[in-house]
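Secondary and tertiary structure notes
Here's the letter readout for the chains.
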Amino acid sequence: MGSTWVIIKRELAAYFSTPLAYVFIVIFLSLSGALTFFMGAFFERGQADMNSFFSFHPWLYLFLIPAVSMRLWAEERKSGTIELLLTFPMPTWQIVIGKFFAAWIFIAIALFLTFPLWITVNWLGEPDNGVVIASYIGSLVMAGSYLAIGSCISAATKNQVIAFILAAVLCFLFLMSGVELVQAFFQPWAPVFVLDAIQSMSFLIHFNGIIRGVIDLRDVIYFGSIIGVFLYANSAVIDLTRG
Amino acid sequence: MGQMITIEGLTKRFGSLTAVDNISLSVGRGEVLGFLGPNGAGKSTTMKMLTGYLPITSGRASVCGFDVVSDAIKAREKIGYLPEGSPLYGDMSCLLFLNFVAEIRGYRGAQVKDKVNLAIERLELESVINKPIETLSKGFKRRLGLAQSILHDPDVLILDEPTDGLDPNQKHQVRGLIKDMAPDKAIIISTHLLEEVAAVCSRAIIISEGKIVFDGTPEDFAARSSIHNAVTIRLTGEDLDRVGNEIESMEDVHRIETINETGVLRLIPKDGAVIVEKVSLLMRDKGFKVDEIFVERGHLDEVFRDLTIAN
């Protein structure tokens, strides 16, 4: 695992050596703030919780996370450094994991920087901090799922724009599979178990469960398996598309 | 002398295209193998299979006894590799990049510093060490790529066009480095510079359309030239017909060519025989005033064309 850590360090340094990291963090903080206070009616609701903050995360991540994940592999392919990376004495999966964790840690840093809101809520009232912590964890594992999907797609192309768009579309499908619009499309003809399967794939349903304060093991397993499956696919895509 | 690199029946197909076609060769310690061939002949593809980047269609390859597929990690530990075009992380500084490579190679703490400093010294990178890689000139980038490949003092070096894009001084420097390292390593370099093969390689292999069409020393290669060991003389003040008649009486001379330049004759020997001494004696005996006399080693590009186009 030593070399995985070396990869994580390099990737993290790469984020902060370009404006990408700062642009991302500033946009993330200002957008999540704006959504919480204006669209989420943080003050008007008069409740000491962070629901109006967390409920926008699935939508915010939808375009911000593909922006982080799009460069993970596409850039290596474009610059040719993938050849260097894949001929170092380490297995492909360690590189996949290293890159994924670097991006995840980066997003965790951005998420951590929203702590002033938590302080504000605690100053104004008495929120259930257990729910807040559960929501933070839920938001982070959901971000990990978006990332794993984005990383896998990035591995398949050397064009970052394509990587961004495809990742956003795929994440959108996962996000929306539970809402009525999508369900209505399948309802007339698909059998019930298919409907249930599609619904159970929804990020939204699992995430909403978590931010209500119920950390159901099934939700965690769900996001964990999304991450696992897509990172496995990521490794496979790299090995299949060498050269 | 143990074989450090062994390739048996190596083949790579991309769809219906056979890029590398049943190549077998081995390279021992102390050898510098020059890989020559036209663009698209399969040089890089062979190197990419050897370093484990490309999957092998059929055949096998091993490095220091480790199979590059089934024992890939151990084989890669033994290899230093400079990919074509020397790809690097443009956003890193040279020092950070070399530190990264040293850590990937398993060094920690003070070892990292030692290895990196040694590589910096050998490639003379001191002046750019803190600069971002993307701001470096092509020559420095190539040298940094080389520094990365020799950092862990590997037994096997695989360098894809190591001097491409370098100026003559830098080429000279890199060739010197390769020669210095040659005695205790097995080195494969690819190039399309024929003079490079003569300058650094102990052996040359020419591949064309994925097949080996020549395998021998650079001298063998030159000997294939039709003008190998021919003697060219320049006599501006003499009657060339008279000189020609005298030379024709020599038994080792196959034919005389008049070069399209005043007073220059080229004497082609029979079967590549060495005739320079006899010619110079003859000139002295007959009292011809010779301005210039030299032995042709052979036109490498002529041999190269013959071998690669005829195929």
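On a predicted model such as this, the values are computed, not experimentally measured, just so you know.

**Description of the environment of Glu219(B)**
Residue and element names in this part refer to chain B. Inspection of the secondary structure puts Glu-219 in helix H8 (residues 218-223). Here Glu-219 falls in the exposed class, since its relative accessible area comes to 56%. Placed 15 residues apart in sequence, Glu-219 and Ala-204 show a C-alpha to C-alpha distance of 9.4 Å.

**A word on the sheet that holds strand E14 (residues 292-295) of chain B**
Think of a sheet as strands paired side by side through backbone hydrogen bonds, with each pair either parallel or antiparallel. Residues and elements named next belong to chain B. Taken in spatial order, the four strands line up as E12-E13-E11-E14 in an open sheet, and their pairing is antiparallel. The open sheet terminates on both sides in strands that have one partner only, identified here as strand E12 (253-258) and E14. Within the sheet, the average angular offset between the axes of one strand and its neighbour, ignoring direction, is 15 degrees. When strand E11 (residues 231-234) meets strand E13 (residues 264-269), the two strands line up antiparallel, connected through four bridges. For Thr-232, the partnering residue across the bridge sits in E13 and is Arg-266. Strands E11, E12 and E13 of the sheet are contacted by helix H9 (residues 240-248), whose axis makes an angle of about 15 degrees with E13.

**Here we look at helix H10 (residues 276-286) of chain B**
Residues and elements named next belong to chain B. When we look at burial in H10, the residues that qualify are Val-279, Leu-282 and Met-283. Take H10 and look down its axis: the buried residues cluster within an arc of 100 degrees, on one side only. Exposed residues lying more than 90 degrees from the buried face of H10 are Glu-277, Arg-284 and Asp-285. For H10, the secondary structure elements touched by its buried residues are E11, H9, E13 and E14. Immediately beyond the C-terminal end of H10, within one or two residues, lies Gly-287, with a positive phi of roughly 75 degrees.

Rules used throughout
- Residues numbered from 1 in each chain as written.
- Chains lettered and ligands numbered in written order.
- Predicted model: local features only at pLDDT ≥ 70, side-chain atom pairs only at ≥ 80, totals over all residues.
- Heavy atoms only, no water.
- Helix = DSSP H or I, 4+ residues; strand = E, 2+ residues; numbered from the N terminus.
- Buried < 20%, exposed > 50% of the residue type's maximum accessible area, 1.4 Å probe, protein only.
- Pairing = 2+ DSSP bridges.
- Axes fitted to C-alpha atoms, helices over the stretch in contact; angles between N-to-C directions.
- Contact = heavy atoms within 4.5 Å.
- Arc of directions from axis to C-beta.

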